[in-house]
Amino acid sequence: MVRRVEDGGFDKTEYYGHPERYQPVFADNVGKFVDVIVNGSYWDSRFPRHVKFADILAEKFPKLKVIADLSCDVNGGIELLTDTTTIESPFLNVENVCVLG
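Student: Sorry if this is basic, but what is going on with the side chain of Arg4 here?
Tutor: With respect to the secondary-structure elements, Arg4 resides in strand S1 (residues 2–4). What makes Arg4 buried here is its relative accessible area of 16%. Filtering out sequence-adjacent residues up to four positions away, Arg4 remains in contact with Gly9, Phe10, Asp11, Glu14, Arg21 and Tyr22.

Listed below in structure tokens is the structure:
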């Protein structure tokens, strides 16, 4: 889901210690094939986002209809998740993408 900016490689230890050296590639590599994303991974602000608003606006996910973000990190790895949801109101509609948080 990420690659080193310098040379396109990946080293897990380096990534955890220096995430600023990496960029996300999820949108570019698989975005055109995806119509549903189920995210359950932990994220913190040191790391690149998995899905950004810019990716959606650039139409890198042309088939995407639903994102289920089980981790529910507001403004986190899935940048589109701008608020939490509830049992009574379980959906957010963002740029015609339904986000389940």
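Student: Help me understand the pattern of salt bridges, please; the structure alone is not making it clear to me.
Tutor: A side chain with one charge may pair with a side chain of the opposite charge, provided their charged atoms come close. With the rule as written, the count across this model stands at seven salt bridges. Of the charged contacts, one joins Lys60 and Asp55 as a salt bridge, the two residues approaching to 3.9 Å between their closest N and O atoms. One connected set of salt bridges, linked through shared partners, spans Arg4, Asp7, Glu14 and Arg21.

Student: Is there a simple way to think about the pairing of strand S3 (residues 36–39) in this case?
Tutor: The two faces of the sheet receive side chains in turn, since in a regular strand these alternate between them. Along S3, the buried face is formed by Ile37 and Asn39; none of Val36 and Val38, which line the opposite face, is buried. Both S3 and strand S4 (residues 66–69) contribute to a ladder of four bridges, which runs parallel. Looking at the pairing, Val36 lines up with Val66 of S4.

Student: Can you walk me through a nonpolar patch on the surface in this structure?
Tutor: Residues Val36, Val38 and Leu70 make up a contiguous nonpolar surface patch of about 310 Å² in total accessible area. Summarising the element assignment, Val36 is placed in strand S3.

Student: Looking at this structure, how should I read the packing of aromatic side chains?
Tutor: The geometry of an aromatic ring pair comes down to the distance between the two centres and the angle between the two planes. What the rule picks out here adds up to six aromatic pairs. Where Phe10 meets Tyr22, the ring centres are 5.8 Å apart and the plane angle is 75°; that geometry is what we call edge-to-face. Of the two residues, Phe10 sits in the loop between S1 and helix H1 (12–17) while Tyr22 sits in strand S2 (residues 22–24), which places them twelve residues apart along the sequence. Centre to centre, the rings of Phe26 and Phe61 are 5.9 Å apart; their planes meet at 40°, and the pair counts as tilted. Of this pair, Phe26 sits in helix H2 (residues 26–30) while Phe61 is found in the loop between helix H3 (53–57) and S4, placing the two residues 35 residues apart along the sequence.

Definitions and cut-offs
Residues numbered from 1 in each chain as written. Predicted model: local features only at pLDDT ≥ 70, side-chain atom pairs only at ≥ 80, totals over all residues. Heavy atoms only, no water. Helix = DSSP H or I, 4+ residues; strand = E, 2+ residues; numbered from the N terminus. Buried < 20%, exposed > 50% of the residue type's maximum accessible area, 1.4 Å probe, protein only. Contact = heavy atoms within 4.5 Å. Salt bridge = Lys/Arg side-chain N within 4 Å of Asp/Glu carboxyl O. Pairing = 2+ DSSP bridges. Patch = residues over 30% accessible without salt bridge, like charges linked within 9 Å, V, L, I, M, F, W, Y side chains within 5 Å. Areas by Shrake-Rupley, 256 points an atom, 1.4 Å probe, with all protein chains shown as cover. Phe/Tyr/Trp six-rings, centres within 6.5 Å; stacked < 30°, edge-to-face > 60°.

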